[in-house]
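# Overview (structure and organization)
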Amino acid sequence: MTKYIGKSVKRVEDKRFITGQGKYTDDIKMPGMVYAYILRSPYAHATVNSINIDAAKSAEGVVAIYTGADIPEAIAGVPCGWQVNFKNGDIMKEPPHPLLVRKKVRHVGDGVAIIIADTRANAKDASELVDVDYDLHDAVTDPKAAAQPGAPLVHADAPNNIAFDWQLGNPKEEVAAALASAAHVTELDFVNQRMIPNAMEPRSAIGHYDTAYDKYTLYTSTQNPHLTRLLMCAFVLGLPEHKVRVVGPDVGGGFGSKIFHYIEEALVVWCSKQIELPIKWTCDRSEAFLTDAHGRDHVTNAKMGFDADGKIVALQANTFANMGAYLSTFAPAVPTYLHGTLLQGLYTTPKINVDVTATFTHTNAVDAYRGAGRPEATFLLERLIDLAALEMEMDPTELRFKNFIPAFDGVEQEGYVTQVALQYDSGNYAPVLTRALEMVGYEAFREEQKNQKGDKLLGIGFSTYVEACGIAPSAVVGALGARAGLFESAQVRVQPTGKVSVYTGSHSHGQGHETTFAQVVADRMGIPLEDVEIIHGDSDSVAFGMGTYGSRSLAVGGSAIVKSIDKVLEKGAKIAAHLLEASTDDLDYAEGKWTVKGTDKSVGFGDVSLTAYVPHNYPEGLEPGLDFSSFYDPANFTYPFGAHVAIVEIDKETGFTKLKRFIAVDDVGNVINPMIVDGQIHGGLAQGIGQAMLEGAIYDETGQLINGSYMDYCMPRADDFPSFEVDRTVTPCPHNPLGVKGAGEAGCIGSTPAVVNAVIDALWKGGHKVKDVKMPMTPERVWTAMQG
Amino acid sequence: MANKISVTVNGKQYTGEVESRTLLSDYLREDLSLTGTHIGCDTSSCGACTIHIDGKAVKSCTMLAVQADGCEVTTVEGLATNGNLHPMQESFKEEHGLQCGFCTPGMMMTATDFLKTNPNPSEQEIREALEGNFCRCTGYHNIVRSIQLAAKKMSEAV
């Protein structure tokens with residue numbers, strides 16, 4: 001019986017946003033607040049000879065200026081949260097990422113000084129008076145070029161700029177042998193270009209040291225306040241954690257870029273102690289381009305072998321992954337355990353080897369961006385299989401159907417064990433593609449394509465994906481190098497009047513937790529949605545949390561809430577049994593009341609709640625109160641999957657590519673709020689399609705980000721897209737209580753290769769048998785592909 | 001240099017001094033604490049700061065506060081009247097036209113002005129009208145639906 005679960009309940013959080021009352025970090029003002037501006041290196045690689053702040057110090061409104069020399073040696077910098085070892089067992093190279101550089105800048109945007117003044121404008125003005133003397137050096141920006149002998153070194157103690165190398169899967173020789181005896185091998189060199197996340201709210205942080213309580217508060221635009229607190233206290237500033245409060249208030253989008261602990265967060269906290277004033281720092285969009293952790297940036301060679309029948313026999317993937325100048329919080333996990341482990345895809349490939357070399361370059365750090373590793377894995381697989389179909393003159397959908405892993409529900413049938421270290425929970429892959437083909441009208445489309453004449457080329461591209469989310473079992477990720485657990489916590493506090501406050505360690509920055517989680521609570525407890533409040537984002541009210549990323553909130557955070565609800569109802573039943581003079585075994589709980597089976601004797605949730613706090617007539621030995629906390633550590637990842645289809649039309653004269661239709665059929669397990677899930681898919685699709693057609697960071701050879709503004713970086717706009725056509729199948733997750741898998745990243749993971757494949761299909765149908773068009777597929781690149 | 005200005009914002013008159021260089025967006029946020037107007041970029045591209053000046057949608061970061069002297073300004077905080085949500089606000093909620101909410105004020109201010117000039121737009125016309133407003137969450141899909149619904153509500157109300 002569900003009143004709310006499965007319904008498109010309108011979002012309870014919307015009211016404050018549509019009336020302009022959302023409270024983002026930059027909206028917060030405190031008495032005595034001063035403003036920070038960070039002076040950043042305009043060069044990618046340079047030695048800092050000297051920094052003269054004399055003139056700046058006496059500028060109007062300046063309160064304080066700090067440079068790297070002012071930060072105590074003991075504060076080495078922000079840490080990396082994931083350790084990957086070299087193939088030979090050596091620990092990855094992990095050079096410090098200082099709050100402000102002392103001797104050497106390693107990317108454009110590296111912080112050199114922090115200027116604090118009474119207004120933001122005065123801080124900026126004063127920054128122009130800081131005189132930094134630089135000696136310039138050569139830079140390297142490409143992840144493959146960085147590993148070549150003679151490349152400029154980013155860190156002296158990382159030879160050849162290699163942060164680590166890593167491999168996974170079957171022995172390379174076995175894969176090579178299988179490829180050698182394959183009937184057909186498709187080989188592709190490609191670049192999965194660097195993306196800039198571009199959450200619409202620029203990052204912001206307020207540090208406030210309260211002298212009265214000797215307590216620090218950090219407001220920050222973060223996806224995980226508790227983890228930020230832990231990292232900052234234990235590994236950066238050495239502060240006692242109980243004396244530090246971190247709040248992630250309303251946050252204007254994250255997409256991964258606000259997971260990480262950034263230098264600015266630690267800086268404003270440290271500086272606020274020095275001057276005993278609250279300090280606000282908010283970045284300009286230009287700074288965001290330079291310093292928000294970027295995504296993707298892989299240079300890959302991959303080979304997929306097939307037997308004469310079209311069955312995949314082996315896959316070899318070799319990737320250079322760009323880490324940027326420093327290792328960001330989760331950076332090492334992205335090209336390895338979130339990428340290499342997904343190269344089974346939804347196919348029965350018997351031999352797989354993936355080899356990754358992660359390199360430092362003179363660029364901004366790269367870390368998780370919506371999908372994080374899984375889009376790169378999906379792109380690799382789906383580009384290869386679609387291209388193989390063209391080369392072998394087979395239908396790309398038939399080739400996929402032939403290779404799909406047979407259905408398994410994870411209950412009757414075991415989860416599928418891959419060649420790359422995972423066991424999928426449940427999957428039923430053929431129906432998503434079948435449904436997508438129905439929605440496309442596939443046969444009719446192929447007819448239309450065949451008959452296409454005139455100045456346009458039509459193409460269709462497919463992508464079928466499986467991803468891993470709901471991260472993650474702590475012991476498993478610990479074995480894989482995570483320096484944190486990836487459980488979640490939840491507290492369900494029943495108030496004496498029967499109203500319910502839920503404290504979750506998940507963090508909503510657009511996902512609608514205040515609604516979805518409330519739907520779960522209201523249904524499970526049999527109470528009205530209005531009686532439930534979801535509280536998140538404040539380390540002083542929420543016991544602990546690992547935050548929101550990796551499509552984990554409902555699968556992990558939601559499961560923690562369910563655990564606490566179970567405890568509440570179990571205790572509630574004892575109180576109810578006492579009041580009803582019955583045994584708990586004789587009670588049923590439904591619609592907010594306990595009823596003695598077969599009678600009309602019942603007691604409501606509200607009465608039981610009140611009794612728990614006014615325990616006059618109360619079970620002997622039972623504690624008062626109705627308030628439970630839980631920690632939920634998942635048994636496995638969850639594995640959503642889906643089929644995406646793009647239809648494009650290319651103008652032969654100009655190469656301009658119009659995305660005519662986009663169809664997505666995703667299976668994210670059980671769905672709590674279809675409206676919100678559809679919205680998550682839509683947003684993911686736009687980001688994935690944006691990568692294929694419009695976006696991409698461009699560093700020149702000197703390490704300048706030459707498209708670091710909205711005048712230069714092509715953000716997707718409303719008229720770049722058609723209306724998306726989305727549908728679902730439902731294969732429940734067998735190992736969490738809600739049967740949910742996660743929907744936040746699916747759209748972004750599946751969509752990119754579908755669009756590229758559609759362009760390649762159109763080009764082949766037009767007689768241009770090119771293997772690849774580099775992303776973003778600008779008109780110029782598509783036009784060039786047609787000239788061959 | 002300080003300049004004296006007098007502006008009517010959401011029906012309320014404000015008189016004060018501003019620096020010549022102060023952008024209208026900063027004036028609204030910092031001086032008037034109307035933080036519903038958001039700043040998402042530094043190139044007048046993203047549209048999060050869109051407000052109405054004398055009834056017309058304007059990116060408030062493209063104007064100096066002094067230029068608003070004597071003007072009637074409406075921000076997202078002034079979109080609802082007498083406690084009743086504007087049909088555009090209702091529609092954004094009903095069609096799930098927002099996720100993180102950061103672009104939403106600018107989207108709604110652009111869209112309400114657009115519907116004044118084109119009360120019955122096609123989907124394509126809506127998409128083109130939103131070219132100056134970025135959203136990273138919704139893929140614009142439900143923003144378009146929201147504006148379609150608002151157009152319907154507003155034409156029925158006439």
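Residues numbered from 1 in each chain as written. Chains lettered and ligands numbered in written order. Predicted model: local features only at pLDDT ≥ 70, side-chain atom pairs only at ≥ 80, totals over all residues. Heavy atoms only, no water.

Let's shift gears to the overall build of chain B. Across its full length, chain B carries five helices and five strands. In sequence order, the secondary structure elements of chain B are arranged as β-β-α-β-β-β-α-α-α-α. Seen through its C-alpha atoms, chain B measures out along the principal axes to roughly 45 × 30 × 25 Å. Long-range pairs, those at least 24 residues apart, make up 57% of the contacts in chain B between residues at least 6 apart in sequence. Total accessible area on chain B stands at roughly 6,100 Å², and carbon and sulfur atoms take up 48% of it. Averaging the locations of the 13 positively and 19 negatively charged side chains of chain B gives two centres separated by 4 Å. (Helix = DSSP H or I, 4+ residues; strand = E, 2+ residues; numbered from the N terminus. Contact = heavy atoms within 4.5 Å. Areas by Shrake-Rupley, 256 points an atom, 1.4 Å probe, with all protein chains shown as cover. Lys, Arg positive; Asp, Glu negative; His and termini not counted. Charge placed at Lys NZ, Arg CZ, Asp CG, Glu CD.)

Here the structure, examined in full by the defined rule, presents zero disulfides over all chains. A disulfide-free cysteine, A:Cys748 has its sulfur positioned 12 Å from the sulfur of B:Cys137, the nearest such atom. Not part of a disulfide, B:Cys41 finds its nearest cysteine sulfur in B:Cys46, a span of 3.9 Å. (Disulfide = S-S within 2.5 Å.)

Once that is clear, we can look at the domain arrangement of chain B. Often, the extent of an interface is quoted as the loss of accessible area on bringing the components together. Residues and elements named next belong to chain B. Split into domains, chain B comes out as domain 1 (2–78) and domain 2 (87–157). Here the C-alpha centroids of domain 1 and domain 2 sit 22 Å apart. Of the residues lining the interface, 18 residues belong to domain 1; the matching set on domain 2 comes to 14 residues. A buried area of about 1,200 Å², summed over both sides, lies between domain 1 and domain 2, and 58% of it is on carbon and sulfur atoms. At the junction of domain 1 and domain 2, the tally comes to zero salt bridges. (Domains from an automatic or database assignment. Buried area = accessible area lost by both parts, 1.4 Å probe. Salt bridge = Lys/Arg side-chain N within 4 Å of Asp/Glu carboxyl O.)

Our next topic: the pattern of salt bridges. Residues and elements named next belong to chain A. Per the counting criterion, the structure on display carries 50 salt bridges over all chains. Linking Asp540 and Lys215 is a salt bridge whose minimum nitrogen-to-oxygen distance equals 2.9 Å. Here Lys215 lies in strand β10 (residues 215–220) and Asp540 lies in the loop between β19 (532–536) and α14 (553–580), a separation of 325 residues in the sequence. Residue Lys450 pairs with Glu447 through a salt bridge whose shortest N-O separation is 3.3 Å. With Lys450 and Glu447 both in helix α11 (residues 442–450) and three residues apart, the pair spans about one turn of that helix. In this structure Lys450 comes out as exposed when scored by relative accessible area, which is 64%. (Buried < 20%, exposed > 50% of the residue type's maximum accessible area, 1.4 Å probe, protein only.)

Our focus in this paragraph is unusual backbone geometry. Peptide bonds are trans in most cases, and residues, glycine excluded, mostly fall at negative phi. Residues and elements named next belong to chain A. Between Ile471 and the following residue, Ala472, the backbone shows a cis peptide bond with an omega angle of -5 degrees. Mapped onto the secondary structure, Ala472 falls in the loop between β16 (456–466) and α12 (474–479). In this structure, Pro776 follows Met775 across a cis peptide bond, with omega equal to -10 degrees. Among the secondary structure elements, Pro776 is positioned in the loop between α17 (746–765) and α18 (779–785). With phi around 50 degrees, Asp214 is a residue other than glycine that occupies positive phi space. Inspection of the secondary structure assignment puts Asp214 in the loop between β9 (204–210) and β10. A residue is classified by how much of its surface remains accessible, and Asp214, at 38% relative accessible area, is partly exposed. Located in the positive-phi region is Glu581, a residue other than glycine, with phi close to 55 degrees.

Let us look at the domain arrangement of chain A. All names here are of chain A. The domain boundaries assigned to chain A delineate domain 1 (14–19 + 30–137 + 203–282), domain 2 (295–471 + 636–785) and domain 3 (487–632). With 30 residues of domain 1 at the interface, the matching set in domain 2 holds 24 residues. Here domain 1 meets domain 2 over a buried area of about 2,200 Å², counting both sides, of which 67% is carbon and sulfur. Considering only the surface of domain 1 that becomes buried against domain 2, Trp82, Phe255 and Phe260 emerge as the three largest contributors, covering 27% of it. Joining domain 1 to domain 2, the criterion identifies seven residue pairs in polar contact (both at pLDDT 80 or more). Taken together, the residues of the side of domain 1 that touches domain 2 sort by class into 18 nonpolar, seven polar and five charged. (Polar contact = N/O pair within 3.5 Å; in protein donor to acceptor, adjacent residues only side chain to side chain. Nonpolar A, V, L, I, M, F, W, Y, C, P; charged D, E, K, R; others polar.)

Let's shift gears to the packing of helix α13 (residues 513–525) of chain A against α14(A). Residue and element names in this part refer to chain A. Relative orientation of the contacting elements α13 and α14 amounts to 30 degrees, with a least axis distance of 10 Å. If you check the angle between α13 and α14, you find them roughly parallel. Where α13 crosses over α14, the two elements pack in a sense that is right-handed. Residue-level contacts link His513, Thr516, Phe517, Val520, Val521, Arg524 and Met525 of α13 to Ser553, Leu554, Gly558, Ile561, Val562, Ile565, Asp566, Val568 and Leu569 of α14. Grouping the constituent residues of the contact of α13 with α14 by class yields 10 nonpolar, four polar and two charged. (Axes fitted to C-alpha atoms, helices over the stretch in contact; angles between N-to-C directions. Parallel < 35°, antiparallel > 145°, perpendicular 65-115°, else oblique. Left-handed = near helix turned anticlockwise from the far one by under 90°.)

We now examine the interface of chain B and chain A. The partner chain A presents 54 residues to the 46 residues of chain B that form the contact. For the pair chain B and chain A, the two sides together bury roughly 4,200 Å², of which 53% comes from carbon and sulfur. The largest per-residue losses of area from chain B upon contact with chain A belong to B:Lys93, B:Phe134 and B:Arg136, which jointly make up 20% of the total buried on that side. Counting across the interface, chain B meets chain A through four salt bridges. A salt bridge links A:Asp125 to B:Arg21; the nearest nitrogen and oxygen atoms lie 2.9 Å apart. Seen at the junction of chain B and chain A, the total is 27 residue pairs in polar contact (both at pLDDT 80 or more). Elements supplying a minimum of two residues to the side of chain B that touches chain A: α1 (24–31), α2 (87–94), α3 (104–117), α4 (123–129) and α5 (141–157) of chain B.

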